Structures are given as structure tokens and as C-alpha cells.
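# Geometric and topological summary
Here's the letter readout for the chains.
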Amino acid sequence: MNNNFEKHNGDSLDSLGHPKWGEDATDQMIESFEKNYEEIKKVCGPYIEQFGKRDKSDIISILNNHGAWLSSARLMTHLEHVLDVDIWENKRINRDEFAKKYGSDCEGVSKAMRGYIYIPMNEEEADSRDGNVALDVYESVAHEMFHVYQGKVSREGGEHADIYRAEYDDYRSPLNGDSLDEYATQMVEQEAHYFGWAIRKVMLGELLKARESNQWTGNQ
């Protein structure tokens, strides 16, 4: 049994950072995030609250019996209802294949305007019933799904539609030769990172609660 199951780490924004980016880019992202925090929370907060109120026992049950990928598909169904979006295609893609196509540092890819997401996973990750593996997948799925939500708003109008359209029209990514700072400080990425982080925290609470009530039998 894995005893390294993730603990609650409060609301530290440091956990939004990505060590592989290096300290400078992570610091830049957090500094920008803190500056925009209230606006980001205003946009994401209602959806996080709605998700928090939903019964998530089915996700835990599937994770117990089938592993991280299938349980994330159920998470996706919950988020489709909460965000009022349709995912046309969600696909697990081999990490090596994904790296060749999108770059090895990506955790996932969404086509916000078209409504599909790709998440890189190897077979061991997909089948894992380890809570930490599942949390990584949940965060990636939630992050990419929020991009799909932003894409819907940019098409149909609504708060931030102009910002979303402008940033997606001139999207900055290291895969296009842009810096990590340019990528990480875009509003579309700030919101998606916050949303993924928050959904991870909600699901961490659910996993811990299930473990304490002996409903969680996966690796701990």
C-alpha cells in the first residue's frame, strides 16, 4: 500500500506552480495570479462551488474498480453539466505519441473552439487505482475542460468573451517558441490552472473522506 497519499496543503498558491518550468517562470506565474486572483475567483468560483455540491461517490466507486482513466471520464461528465459544455471527443493518448505531436512538457491539450481534449497517459497510469495518480489526471482533465468552457464563451458571448477571443487568437505557447512566462500569465491559462487546482482539492477531500469511511480501497 502506498503511504504517500497526498495531504491537504491549505490554499497555498505555490501549489499552482510547476517545478519543471523553473523558479523564474513559476514565480512569474504566481505573481501574475495573485494580481488577478479576485477576478479569477469570481469567474471560476461559482463552477467550483456547483461541482463541490454534486455527489461524487460514483467517481470514487469507478476509481476503486477500474482505475484513473475511467474515473476521470465520469469526472468529465460531472464537469460537462457544471460548465454546460459538450466534449465532442476525449482521448487518452500514449505519452510518447503525445510528446511527438505536442511536446513532452504538455500535461494535456484542448481544442477550446472544437470541444475535445487529449490527456497523455501510459497504461500503468490509466489502470492505476492510486489516489495520487487519479488526482494528477483529474487536475489535467479539469484544466482542459475549462479551456473548452472559455472557447464556448468566446463564441457565444458573455463575460470575458473579448479577452478569451483575443488571447486564443494570439495564443502564446512554448510549443510555438514563446516563453513560459508568456504562456503562464495569459488569463485563459491562469483561470484554467486555478480551476484544475481547485477541482483537485475537491477530489482530494472526497478521496480522504472515502478512505476514512472505509469506502476507498485503492492504493493510499
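Residues numbered from 1 in each chain as written. Predicted model: local features only at pLDDT ≥ 70, side-chain atom pairs only at ≥ 80, totals over all residues. Heavy atoms only, no water.

## A short note on the pattern of salt bridges
Summed over the entire model, instances satisfying the criterion amount to 14 salt bridges. With a shortest N-O distance of 3.3 Å, lysine 42 and glutamate 159 are connected by a salt bridge. Pair noted here: lysine 42 is in helix α2 (residues 37–53) and glutamate 159 is in the loop between α7 (131–156) and α8 (161–169), with a separation of 117 residues, a long-range link. Through salt bridges with shared partners, a single network forms among Glu39, Lys42 and Glu159. (Salt bridge = Lys/Arg side-chain N within 4 Å of Asp/Glu carboxyl O. Helix = DSSP H or I, 4+ residues; strand = E, 2+ residues; numbered from the N terminus.)

## Re unusual backbone geometry
Even without being a glycine, histidine 160 presents a positive backbone phi close to 75°. Locating histidine 160 in the fold gives a position in the loop between α7 and α8. The exposure class assigned to histidine 160 is buried, which follows from its relative accessible area of 12%. The backbone of asparagine 214 shows a phi angle near 65°, a positive value even though the residue is not glycine. (Buried < 20%, exposed > 50% of the residue type's maximum accessible area, 1.4 Å probe, protein only.)

## A closer look at the side chain of serine 110
With respect to the helices and strands, the residue serine 110 is situated in strand β2 (residues 109–111). A residue is classified by how much of its surface remains accessible, and serine 110, at 16% relative accessible area, is buried. At 3.0 Å, the side chain of serine 110 and the side chain of glutamate 144 are in polar contact. Excluding residues that lie within four positions of it along the chain, serine 110 makes contacts with Tyr116, Ile117, Glu144, His147 and Val148. (Polar contact = N/O pair within 3.5 Å; in protein donor to acceptor, adjacent residues only side chain to side chain. Contact = heavy atoms within 4.5 Å.)

## Structural notes on the pairing of strand β3 (residues 116–120)
In terms of residue burial, β3 counts as a mostly covered element, since five of its five residues are buried. Side chains of β3 alternate between two faces, with Tyr116, Tyr118 and Pro120 and Ile117 and Ile119 buried alike. Two elements, strand β1 (residues 89–93) and β3, share five bridges in a ladder whose sense is parallel. When the bridges of β3 are listed, glutamate 89 appears paired with tyrosine 116. Looking at chain direction, β2 and β3 are connected through three bridges and run antiparallel. Within the sheet, the bridge partner assigned to serine 110 lies in β3 and is isoleucine 117. (Pairing = 2+ DSSP bridges.)

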